[in-house]
Every structure is written in C-alpha cells, then in structure tokens.
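Report on the structure
As a plain string of letters, each chain reads:
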Amino acid sequence: MVEIIKGDITKLEVDAIVNAANCTLLGGGGVDGAIHRAAGPRLQAACAMLGGCVTGSAKLTQGYDLPAHYVIHAVGPVWSGGGKHEDELLASCYRSAMQLTEEHRINTIAFPCISTGIYRFPFERACGIALSEIFRALDEGSRVKQVYCVCFSDEDLEVYQKVLATFGQPT
Ligand code: AR6
C-alpha cells in the first residue's frame, strides 16, 4: 500500500525513514538537518563511519533517538536542467532504498520528496519517478507492506496525490 501523507518524517513510527542526504552523509539543511537533530549525535557518528555515498545510491544506519528503527540515507541529484541524468539518478535513489529494505527486513518505510527542496528537482516530475520506482519494487515482490510518501506542505500533498491517482491506486 502506498500512501501520500503530510507531516514531519522524523515523527513517524516506521521501520525505516529515508533521508535526503548529500554525498558526505555528514548532515545538512532541510530534512537532513531535521533527521540529524531528532536522531541525536550518535547518527552523525555512525554516518561518519560510512565514507560518504555516491549520488543515486543509499546507505543505512540505525535510527538512534528517532521512533524509526533505521535511517536510509539516499543521495539525490542536484537539478541542473535535466540533461545531467537527473531522472535516472533520482530513480536510482529509490531503487537503492528499496533494495536495502530487502536486506534489513524492513516492512514499513517513509520517503521524503528527495531532491525537491535545496536540490531544486521539479516537484511533479520527482513524484512520478518516485512512484514508478516504488510500484516497480512492490510489483517485483518487495517485502515492504506499507510505503509513506511524506510531503511537507499542503501544496506538495495535493500535487503528489494527483500523480498517485494517475498510477491507478486510490488516494
Ligand atoms: N519531513 C518531511 N519532509 C521534509 C522535512 C521534514 N521534516 N523537511 C523538509 N522536507 P531537502 P534535497 C521536505 O531540501 O532537495 C540538505 O542540506 C522538503 O519540503 O531536505 O534532496 C542535504 O544535506 C522537500 O520537499 O532535500 C543536501 O545537501 C524535501 O523534504 C540537500 O539538502 C527534500 O528537501 C539535499 O537536498
């Protein structure tokens, strides 16, 4: 089941939340900053051991002080017009995150809208890519039972739900 919800991803009681991180994995602004603040300093210490992460990929840590058990740190592309493989790199983030759910027995997962804030990826386009990859993983027999796509504003929620409706699943 895929649900689009509005809220603060750091509050969700799920097996894993996904972070919109950068290549250093050492924290930043936006949802990354919020996740690091809520998880406490042990998250930064764990991230420092990971040696960074390439764009389009993802790495996993514990959730520490978060209600979520794990954080999957995914590095989305910076939008620079669409000619630098941004679509493929964003899709690859979602695929990498869904792959980690298989390896770590994750049944419930929440994604923020990766790359659509500081990295400026066009929002509606990002929603379509996210849902394509999420539904592909579910169709291929993923163990995940529940996926939340978390929006931070009413406007984003409305757009994301409109895109979900085009995938044939009721909102
Ligand atoms: N819960 C859910 N969504 C949120 C939250 C929250 N607490 N806070 C922000 N968003 P961004 P990016 C939404 O900028 O574009 C960092 O510095 C926000 O409205 O967090 O991938 C990293 O270290 C937007 O829709 O991530 C990188 O350097 C979405 O989360 C860079 O920003 C993603 O916005 C990554 O940029």
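In case you missed it, the structure is sitting above this.
Now for a quick tour of the structure. (Residues numbered from 1 in each chain as written. Predicted model: local features only at pLDDT ≥ 70, side-chain atom pairs only at ≥ 80, totals over all residues. Heavy atoms only, no water.)

Brief notes about the pairing of strand β5 (residues 108–111)
To keep things clear, this is the line we draw: Only strands joined by at least two bridges in the DSSP assignment are considered to pair. Starting at the N terminus, helices and strands are each numbered in turn, a helix being any DSSP run of H or I of at least four residues and a strand any DSSP run of E of at least two.
Relative to β5, strand β2 (residues 16–21) runs parallel, the two being bridged by two bridges. The residue bridging Ala-16 from the neighbouring strand is Ile-109, located in β5. Here four bridges tie β5 to strand β6 (residues 146–151), and the two strands are oriented parallel to one another. Paired with Ala-110 across the bridge in β6 is Tyr-148.

Here's the deal with the sheet that holds strand β4 (residues 70–75)
Rule in force here: To obtain an axis, a line is fitted to C-alpha atoms, over the contacting stretch when the element is a helix, and the angle between two such axes runs from 0 to 180 degrees between their N-to-C directions. We call two residues in contact whenever any of their non-hydrogen atoms come within 4.5 Å of each other.
Spatial strand order, β1-β6-β5-β2-β4-β3: six strands in an open sheet with mixed pairing. Strands at the two margins of the open sheet, each flanked by one partner only, are β1 (2–6) and β3 (58–62). For this sheet the average axis-to-axis angle between neighbouring strands, irrespective of direction, equals 25 degrees. As defined by bridge partners, β3 adjoins β4 across five bridges and the pair is classed as antiparallel. Bridge assignment links Leu-60 to a residue of β4, and that residue is Ile-72. Along the sheet, helix α1 (residues 30–39) makes contact with β2 and β4, crossing β2 at roughly 130 degrees.

Notes on the site of the ligand
This is how it is decided: What makes a residue near a molecule or strand is one non-hydrogen atom of that residue sitting within 4 Å of it. Polar contact criterion, stated in full: a pair of N or O atoms within 3.5 Å, where within protein one must be able to donate a hydrogen and the other to accept it, and residues adjacent in sequence count only if both atoms are side-chain atoms. Using a 1.4 Å probe, the Shrake-Rupley method yields the accessible areas, and only the shown protein chains count as cover for residues. All residues other than Ala, Val, Leu, Ile, Met, Phe, Trp, Tyr, Cys, Pro, Asp, Glu, Lys and Arg, Gly among them, are scored as polar; the first ten of these are nonpolar and the last four charged.
As a structural note, the neighbourhood of the ligand is formed by 21 residues, with Asn-22, Gly-29, Val-31, Asp-32 and Ile-118 the closest of them. Within the backbone of Ser-115, a nitrogen or oxygen atom sits 2.8 Å from an oxygen atom of the ligand. Ile-118 places a polar main-chain atom, nitrogen or oxygen, 2.8 Å from an oxygen atom of the ligand. For the ligand, the accessible surface in isolation is 710 Å², of which the surrounding protein chains cover 90%. Broken down by element, the residue count for the shell around the ligand peaks at four residues, all from α1. A class-by-class count of the residues in the shell around the ligand yields 10 nonpolar, nine polar and two charged.

Some details on the environment of Lys-59
Tracing the backbone through its elements, the reader meets Lys-59 in strand β3. Looking at Lys-59, its side chain comes within polar contact range of the main-chain oxygen of Gly-52, at 2.6 Å.

Considerations on α1
Stated precisely, the cut-off is as follows: In this scheme, a residue with accessible area under 20% of its type's maximum is buried, one over 50% is exposed, and one in between is partly exposed, where area comes from a 1.4 Å probe on protein chains only. Taken from the helix axis, the directions to the C-beta atoms give the arc we talk about.
Among all positions in α1, only Asp-32, Gly-33, Ile-35, His-36 and Ala-39 are buried. The arc enclosing the buried residues of α1, seen along the axis, measures out at 165 degrees, which places them on a common side. With respect to the buried face of α1, the exposed residues turned more than 90 degrees away are Gly-30 and Arg-37. Considering only its buried residues, α1 is in contact with β2, α2 (41–48) and β4. Gly-40 sits one or two positions beyond α1 and adopts a positive phi of about 90 degrees.

Brief notes about the nonpolar core
Side chains of nonpolar character tend, in soluble globular proteins, to be buried together. The line we're drawing: As used here, the term nonpolar core means buried Ala, Val, Leu, Ile, Met, Phe, Trp, Tyr and Cys residues forming a set that is joined through side-chain atoms within 4.5 Å.
In this structure, Ile-72, Ile-109, Phe-111, Leu-131 and Tyr-160 are the most contacted members of the largest nonpolar core, which totals 40 residues. Considering each element in turn, this core owes the most residues, nine residues, to helix α4 (residues 123–139). Discounting residues that sit within four places of it in the chain, Phe-111 has contacts with Ile-9, Val-18, Tyr-94, Ala-97, Met-98, Ile-134, Val-147, Tyr-148, Cys-149 and Val-150.

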